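Chain by chain, the residues:
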Amino acid sequence: MDKEFLKKLYQSHQACPTCPAPTEVSNFYVELLGALFADFTQLASLSEEEFFQLMDRLQKELERILRHNPTRSSGNPTDIAQHFFDTLPVICEKLENDVTAMYEGDPAAKSRGEVIRTYPGFYAIAAYRIAHQLHDSGIQGIPRIITEHAHSKTGIDIHPGAKIGEHFCIDHGTGVVIGETSVIGSHVKIYQGVTLGALSVNKEDAEKKRHPTIEDNVVIYAGATILGGNTVIGKNSVIGGNVWLTRSVPADSKIYYQAKMYNGDTNETDLVIFRSEI
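Computed from a predicted structure; not experimentally measured.

K.L.:
Any chance you could explain the packing of helix α2 (residues 22-36) against helix α8 (residues 142-154) here in plain terms?
P.N.:
To characterise two packed helices, one gives the angle between the axes of the helices and the distance between these axes. Contact pair α2 / α8: the axes reach a minimum separation of 9 Å and the direction vectors enclose 70 degrees. By the criterion of interaxial angle, the relationship of α2 to α8 is roughly perpendicular. On α8, the residues touching P22, V25, S26, Y29 and V30 of α2 are I142, I145, I146 and H149. The residue makeup of the contact of α2 with α8, split by class, is 7 nonpolar, 2 polar and no charged.

If you want it as structure tokens, here you go:
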């Protein structure tokens, strides 16, 4: 093999000797989630003092990760880690509300514990809530590793920069995409295959709002695609399956496609009708 190529690879490792590997960041998330939710892991064998020590170790682990992050923020890693752990009660309360939304919104859910243990929507939303707090603290890289870990496990892709309200429910979830500048209100329910995306992927639009706003109490059914930073889905609306939207929808709307199936006897082709019921 080309020695110059090998030398180049070697030097790249020397330039970043302590960069936290994505697996280290993912393990931090999984261990923290287990500490926050007893249903997710089993720590009953620990004494109270041992549990306090676990949380202290996790805080120090986050500090270490931040200190060696190649895209460090201007803040002090110790202060950022302390602030993050100070916000855990708020994060945990939001996640408890998300569990409630998923449990009450799915007739198949037998218990809150089942949601925490088995629902991909909970796992992905928990990763988002934790990553979003770090994102808001000016941390780069690490939040995205956390949400991409959840993406790889669940098929649910939530950018840590998105803004998501209370009682958020993702049902089934595979194929859900929520872009960086999306804004989602409270009591919103999203099914599998939904995309909240951008109309433009030009690099010069990076600082603009590119993704839609979903107001309170909206339900978005499977396969719907909603695009554009100026697109607003009004509160209490229902967006039907496979709908494609690039313009705003007023409050209390029902948006759906009506398809007429092909009839071989009459050679009638599919007819798709766009309707809005207010």
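Here the narrative resumes.
K.L.:
Teacher, can you tell me more about the pattern of salt bridges here?
P.N.:
Opposite charge on two side chains permits them to pair, given that their charged atoms come into close proximity. Enumeration according to the criterion identifies 10 salt bridges in this entry. A salt bridge links R67 to E63, with the nearest nitrogen and oxygen atoms 2.8 Å apart. Taken together, the residues R67 and E63, both in helix α3 (residues 48-67) and 4 residues apart, mark about one turn of the helix.

K.L.:
Is there a simple way to think about the side chain of S182 in this case?
P.N.:
Secondary-structure assignment places S182 in the loop between β4 (177-178) and β5 (183-184). A relative accessible area of 1% places S182 in the buried class. Polar side-chain contacts of S182 include one of 3.0 Å to the backbone oxygen of G179. If near-sequence neighbours (up to four positions away) are discounted, S182 is found in contact with A162, K163, L196, H211 and P212.

K.L.:
What exactly am I supposed to notice about the sheet that holds strand β8 (residues 213-214) here?
P.N.:
Within a sheet, each strand pairs with its neighbour through backbone hydrogen bonds, oriented either parallel or antiparallel. Pairing within the open sheet is parallel, and its 4 strands lie in the order β2-β5-β8-β11. At either margin of the open sheet sits one strand with a lone partner, and together these are β2 (163-164) and β11 (232-233). Pairing of β8 with β11, which is carried by 2 bridges, proceeds in the parallel orientation. Bridging across to β11, I214 finds its partner in I233.

K.L.:
In this structure, what is going on with unusual backbone geometry? I would like to understand it.
P.N.:
Excluding glycine, residues mostly carry a negative phi; peptide bonds, for their part, are mostly trans. Phi angles above zero are rare outside glycine, and H187 is one such case at about 60 degrees. Despite not being glycine, N242 has its phi angle at roughly 65 degrees, a positive value. By the secondary structure assignment, N242 is in the loop between β12 (238-239) and β13 (244-245). The exposure class of N242 is exposed, given its relative accessible area of 58%.

K.L.:
Before we go on, may I ask you to explain the nonpolar core in this structure?
P.N.:
One broad rule of soluble globular proteins: the nonpolar side chains tend to lie buried together. L32, F84, F122, I190 and I220 are the most contacted members of the largest nonpolar core, which has 68 residues in total. Of all the secondary-structure elements, those providing two or more residues to this core are α2, α3, α4 (77-86), α5 (88-105), α6 (112-118), α7 (120-136), α8 and β3 (169-170). A per-element tally of this core places α7 first, with 10 residues. Contacts of I190, omitting those with residues within four sequence positions, involve F168, C169, I170, D171, V176, I178, I184, L196 and I220.

K.L.:
Explain the sheet that holds strand β7 (residues 195-197) to me, please; I cannot follow it from the model alone.
P.N.:
Strands sit in the order β1-β4-β7-β10-β13 across an open sheet of 5 strands; the sheet is parallel. Pairing within the sheet leaves two strands with one partner each, and these edge strands are β1 (157-158) and β13. Judged from the 3 bridges that link them, β7 and strand β10 (residues 225-227) form a sheet pairing that is parallel. Pairing of L196 across the sheet is with I226, part of β10.

K.L.:
Before we go on, may I ask you to explain the side chain of T100 in this structure?
P.N.:
Here T100 shows up in helix α5. Side-chain polar atoms of T100 contact the side chain of R112, separated by 2.6 Å. Non-local contacts of T100, meaning those with residues more than four positions away in its chain, are made with G105 and R112.

K.L.:
Is there a simple way to think about the packing of aromatic side chains in this case?
P.N.:
The description of an aromatic ring pair uses the distance of the two centres, along with the angle that the planes make with each other. What the rule picks out here adds up to 5 aromatic pairs. Between F84 and F85, the ring centres sit 5.5 Å apart and the planes meet at 80 degrees, which makes this aromatic pair edge-to-face. The pair formed by F84 and F85 is uniform in burial state, with each residue classed as buried. Look at Y191 and Y221: their rings are 4.9 Å apart centre to centre, the planes differ by 10 degrees, and that puts the pair in the stacked class. You can see Y191 sitting in the loop between β6 (189-190) and β7 and its partner Y221 sitting in the loop between β9 (219-220) and β10, a full 30 residues away along the chain. A relative accessible area of 16% means that Y191 is categorised as buried. Ring pairing ties together the aromatic residues Y29, F40 and Y123, which thus form one cluster.

Rules of the game
Residues numbered from 1 in each chain as written. Predicted model: local features only at pLDDT ≥ 70, side-chain atom pairs only at ≥ 80, totals over all residues. Heavy atoms only, no water. Axes fitted to C-alpha atoms, helices over the stretch in contact; angles between N-to-C directions. Helix = DSSP H or I, 4+ residues; strand = E, 2+ residues; numbered from the N terminus. Parallel < 35°, antiparallel > 145°, perpendicular 65-115°, else oblique. Contact = heavy atoms within 4.5 Å. Nonpolar A, V, L, I, M, F, W, Y, C, P; charged D, E, K, R; others polar. Salt bridge = Lys/Arg side-chain N within 4 Å of Asp/Glu carboxyl O. Buried < 20%, exposed > 50% of the residue type's maximum accessible area, 1.4 Å probe, protein only. Polar contact = N/O pair within 3.5 Å; in protein donor to acceptor, adjacent residues only side chain to side chain. Pairing = 2+ DSSP bridges. Core = buried A, V, L, I, M, F, W, Y, C linked by side-chain atoms within 4.5 Å. Phe/Tyr/Trp six-rings, centres within 6.5 Å; stacked < 30°, edge-to-face > 60°.

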